[in-house]
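# Working through the structure, step by step
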Amino acid sequence: MQVLILSKTKYGSHVCVGAMELGSNKYLRLLNANGYYQDADTPLNVGDIWDITYMVSRSIRKPHNEDVMVQTQIIVQKINNLAEYIKNLSVPIWRGSIENTFYGKLEWTSWGKGYISNENSDIDHSVGFWLSDKPLTLQGDYYLYETNAFVHRQIKYKGIPEPKLIIPANTLVRLSLAKWWKQDDDTEERCYMQLSGWYES
């Protein structure tokens, strides 16, 4: 099965590799044959198309329905203009306000971080593409989306490439939900939204 590599994000000393199965447009997270994240030096690079065989992970938990264990992999080709290639695949793309991402099911902390809780985790996938109606401005490890003069939404950047100071409006970006995490005994488990990459035409 041919897959397009969409993102590589940091996960400790390993990387989380996001992909899409061509033909079905099914989102995948490519784990190694043992069901763990890829080594940091994996040859699976963003923009590559690989022919792979895989097994679905035995530990799927919504909304992270993408985990598969790669059994074999052969490089096919490299896509140069990834933004246009993705748009031509007819995949769903969230557009406009950040409130439209993840089907409007995100909740927000008082400091502006978006997350999915158990109550609204019944969605088909934990990743998606977004064309923002406003520029995203880097501040520390986060990109800020200004909803008005007093409110900002924060998106943690987890990609491998050096972050840009500003991602212009209408740039295709890839969003994802981090794995379930419980901050303390008084807070429910949550999957926080993060930005895993952007694609320039």
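Here, the structure is the one placed above.
These lines cover the structure that appears in this document, whether it is placed above or below. (Residues numbered from 1 in each chain as written. Predicted model: local features only at pLDDT ≥ 70, side-chain atom pairs only at ≥ 80, totals over all residues. Heavy atoms only, no water.)

### Points about the pairing of strand β15 (residues 172-177)
Definition in use: Per-residue accessibility, obtained with a 1.4 Å probe over protein chains only, is compared with the maximum for each type, and a residue is labelled buried under 20%, exposed over 50%, and partly exposed between these values. Numbering of helices and strands runs from the N terminus, with a helix taken as a DSSP run of H or I at least four residues long and a strand as a DSSP run of E at least two residues long. If DSSP finds at least two bridges between two strands, the strands pair.
Where burial is concerned, most of β15 is hidden: 6 out of the 6 residues are buried. Burial along β15 is two-sided: the residues L172, R174 and S176 and V173, L175 and L177 are all buried. With 5 bridges connecting them, strand β10 (residues 127-132) and β15 associate as antiparallel partners. Within β15, the position partnered with W130 by the bridge is V173. Note: β15 against strand β16 (residues 190-199), 6 bridges, orientation antiparallel. For L172, the partnering residue across the bridge sits in β16 and is Y199.

### Side note on the nonpolar core
For soluble globular proteins, the rule of thumb is that nonpolar side chains tend to be buried together. Applicable threshold: Buried residues of nine kinds, namely Ala, Val, Leu, Ile, Met, Phe, Trp, Tyr and Cys, make up a nonpolar core once their side-chain atoms join them within 4.5 Å. Contact between two residues is taken to exist if any of their heavy atoms lie within 4.5 Å; hydrogens are not considered.
Residues F102, W130, Y143, L175, L177, M193 and L195 are the most contacted members of the largest nonpolar core, which totals 23 residues. Secondary-structure elements contributing two or more residues to this core are β11 (136-139), β12 (142-146), β13 (152-157), β15 and β16. When sequence neighbours within four positions are dropped, the list of residues in contact with L177 reads P63, H64, F102, L106, I116, I123, S126, C191, Y192 and M193. With 18 residues, the next largest nonpolar core counts L6, M20, L22 and A83 among its residues.

### A short note on the packing of aromatic side chains
Test applied: Between 30 and 60 degrees the pair is tilted, below 30 it is stacked and above 60 it is edge-to-face, where a pair is any two Phe, Tyr or Trp rings, Trp via its six-membered ring, whose centres lie within 6.5 Å.
All chains considered together, the criterion is met by 11 aromatic pairs. Measuring from ring centre to ring centre gives 5.7 Å for Y115 and Y192, while their planes differ by 50 degrees; the resulting arrangement is tilted. Taken together, the residues span a long stretch of sequence, with Y115 in strand β9 (residues 114-117) and Y192 in strand β16 at a distance of 77 residues. Using a relative accessible area of 14% as the deciding quantity, one classes Y192 as buried. Arranged with centres 6.1 Å apart and planes meeting at 65 degrees, the rings of F129 and Y199 form a pair that is edge-to-face.

### Observations regarding the environment of G18
Relative to the elements of secondary structure, G18 occurs in strand β2 (residues 14-21). Under the relative-accessibility criterion, G18 is labelled buried at 3%. Other than its neighbours up to four places away in sequence, G18 contacts L4, I5, L6, S7, L28 and R174.

### Observations regarding the side chain of H64
Note the threshold: Polar contacts here mean pairs of N or O atoms no more than 3.5 Å apart (in protein, one a potential hydrogen donor and the other a potential acceptor; neighbouring residues in sequence count only if both atoms are side-chain atoms).
The topology assignment puts H64 in the loop between β5 (48-56) and β6 (67-78). The exposure class of H64 is buried, given its relative accessible area of 3%. From its side chain, H64 meets the backbone oxygen of L177 in a polar contact 3.0 Å long. Within the local environment of H64, its side chain forms a polar contact with the backbone oxygen of A178, the two atoms lying 3.0 Å apart. Leave out the neighbours within four places in its chain, and H64 touches R29, S126, L177, A178, K179, W180 and C191.

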